[in-house]
Amino acid sequence: MCDSSAPLKRAEAAALGCTLVSMHYQVDGVRRAEVYEGENDDYDTLFRNGKILGTEAVFQSAWAKAFRRLLEGGSDVLCITMSSRLSGTYRSAKEARAQLIAEGFDGERIALLDSWTTSGGLVFLVQRARRLIVGGATLEETLSELEGARARQGIVFTVPRLDVLKRSGRLGATRRAVAGKLDRYLIMMLDQGGIRDVDVAHGTTAVARSLVKQVPEGARDGLLIVTGYGNSAATGAVVECIKRRLPQAEVSVRDGGPVVSLHLGVGSVSLAWDVPGE
């Protein structure tokens, strides 16, 4: 199972054998559950018109309920969460696991992975987990393989406005200063789950080129996941840039959903890759 920051459609998640556990967001006092890709209505307009916005990590009680249901049904649990440096969701999953162990469940039947990523990066890990399980890997073996895989894949992104990340507390002082002086778009990467800036670009075309430039040689003829957060003009530019510069790559375009969009700001875009054949 995975938290809902993985942009998976309902049918796709079912085919992968993956259960999404909802994160939540609030707009002007109304609490909403984030669900499967394509089922979150027009959250972009909702956010642009909202006055008071917020998000919630998956609570311990929600993880515990989901874990218990699978365990009682005879399944082991592999839980993959967005980066623990971006959300408290992984911590909640750890607390839920401890709770179930205290209730008498076997802790070896519950494996947790801090993905170090989100959005398209989570999709890659869920897909890889499915291939490993179908191939006969045990829960322990699958977790070990995923721990190696999360270091080989990558995700880069840019945001239209840095003030959203500033308010979240996830943007360091150096990044604030550089962006403020240059008045440019920062190109950022998740490095072991934390945000690191890798480039500065001016204009949509240059932003797209910079994002695509970050894709390493070993991933340039594989699947690339472009994720737009709300109505993002940069999404199409990144896809077109990939087609021109990396014609052998396969491109999947996804909607990032309300929770990550609220943290990054609507109009943001990310590009994720995996290393094929590993």
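Reading guide: rules and limits
Residues numbered from 1 in each chain as written. Predicted model: local features only at pLDDT ≥ 70, side-chain atom pairs only at ≥ 80, totals over all residues. Heavy atoms only, no water. Domains from an automatic or database assignment. Contact = heavy atoms within 4.5 Å. Buried area = accessible area lost by both parts, 1.4 Å probe. Salt bridge = Lys/Arg side-chain N within 4 Å of Asp/Glu carboxyl O. Polar contact = N/O pair within 3.5 Å; in protein donor to acceptor, adjacent residues only side chain to side chain. Helix = DSSP H or I, 4+ residues; strand = E, 2+ residues; numbered from the N terminus. Axes fitted to C-alpha atoms, helices over the stretch in contact; angles between N-to-C directions. Left-handed = near helix turned anticlockwise from the far one by under 90°. Nonpolar A, V, L, I, M, F, W, Y, C, P; charged D, E, K, R; others polar. Pairing = 2+ DSSP bridges. Phe/Tyr/Trp six-rings, centres within 6.5 Å; stacked < 30°, edge-to-face > 60°. Buried < 20%, exposed > 50% of the residue type's maximum accessible area, 1.4 Å probe, protein only.

Chemist: Can you help me understand the domain arrangement of the protein chain in this one?
Modeler: Looking at the assigned domains, one finds that the protein chain contains domain 1 (2-150) and domain 2 (153-274). Each partner contributes residues to the interface: domain 1 has 36 residues there, and domain 2 has 33 residues. In this assembly, domain 1 packs against domain 2 so that about 2,800 Å² is buried in total across both faces, 58% of it on carbon and sulfur atoms. On the domain 1 side of the contact with domain 2, Y43, L86 and F124 bury the most area, a combined 24% of that side's loss. On the surface where domain 1 and domain 2 come into contact, there are 2 salt bridges. Across the salt bridge formed by D274 and R128, the nearest N and O atoms sit 2.8 Å from each other. On inspection of domain 1 and its partner domain 2, the count reaches 18 residue pairs in polar contact (both at pLDDT 80 or more). Among the elements of the structure, β3 (24-27), α2 (43-49), β5 (53-56), α5 (120-134) and α6 (139-152) are those that each provide at least two residues to the side of domain 1 that touches domain 2. The dominant element in the side of domain 1 that touches domain 2, judged by the number of residues it contributes, is α5, at 8 residues.

Chemist: What am I meant to see in the packing of α5 against α6 here?
Modeler: The description of two helices packed together rests on the angle between their axes and the distance between the axes. Running from N to C, α5 and α6 cross one another at 145°; their axes reach a closest spacing of 10 Å. Here α5 and α6 pass one another in a crossing that is right-handed. Each of L125, R128, A129, L132 and I133 in α5 lies in contact with α6, whose residues at this interface are T142, E145, L146, A149, R150 and R152. Residues of the contact of α5 with α6, tallied by class, amount to 6 nonpolar, 1 polar and 4 charged.

Chemist: Quick question: what am I supposed to make of the sheet that holds β5 here?
Modeler: Sheet strands line up and pair through hydrogen bonds in the backbone, either parallel or antiparallel. Reading across from one edge, β4-β3-β5 is the order of the 3 strands in this open sheet, with antiparallel pairing throughout. Among the strands making up the open sheet, the edge pair consists of β4 (30-33) and β5. Shown here is a sheet whose adjacent strand axes are inclined to one another by a mean of 25°, direction ignored. One ladder, built from 4 bridges, connects β3 with β5; its direction is antiparallel. Opposite Y25, over in β5, you have T55 as the bridge partner.

Chemist: Any chance you could explain the packing of aromatic side chains here in plain terms?
Modeler: Geometrically, a pair of aromatic rings is defined through the distance of the ring centres and the angle of the planes. Enumeration according to the criterion identifies 3 aromatic pairs in this entry. For the ring pair Y25 and F47, a centre distance of 5.7 Å and an interplane angle of 85° mean the geometry is edge-to-face. Taken as a pair, Y25 in strand β3 and F47 in helix α2 lie far apart in primary sequence, 22 residues in all. The same class applies to Y25 as to F47, namely buried. Judged by centre distance (5.7 Å) and plane angle (25°), the ring pair of W63 and F67 falls under stacked.

Chemist: Explain the environment of I80 to me, please; I cannot follow it from the model alone.
Modeler: With respect to the helices and strands, the residue I80 is situated in strand β6 (residues 77-81). Once the C-alpha coordinates of I80 and M1 are considered, the two residues, 79 residues apart in sequence, prove to be 6.3 Å apart. Leaving out residues up to four positions away in the same chain, I80 has contacts with M1, C2, D3, L113, S115, L122, L125, V126, A129 and L146.

Chemist: Whenever I open this one, the sheet that holds strand β13 (residues 268-273) confuses me. Can you help?
Modeler: An order of β10-β9-β8-β13-β11-β12 is seen for the 6 strands of this open sheet, with the pairing classed as mixed. Each edge of the sheet is formed by a strand with only one pairing partner; in this case those strands are β10 (194-201) and β12 (250-255). Taking the axes of each pair of neighbouring strands and ignoring which way they run, one obtains an average angle of 25° across the sheet. Strand direction decides the pairing type here: strand β11 (residues 223-229) and β13, joined by 6 bridges, are antiparallel. Paired with V226 across the bridge in β13 is L271. On the sheet, helix α10 (residues 233-245) packs against β11, β12 and β13 and is oriented at approximately 165° with respect to β11.

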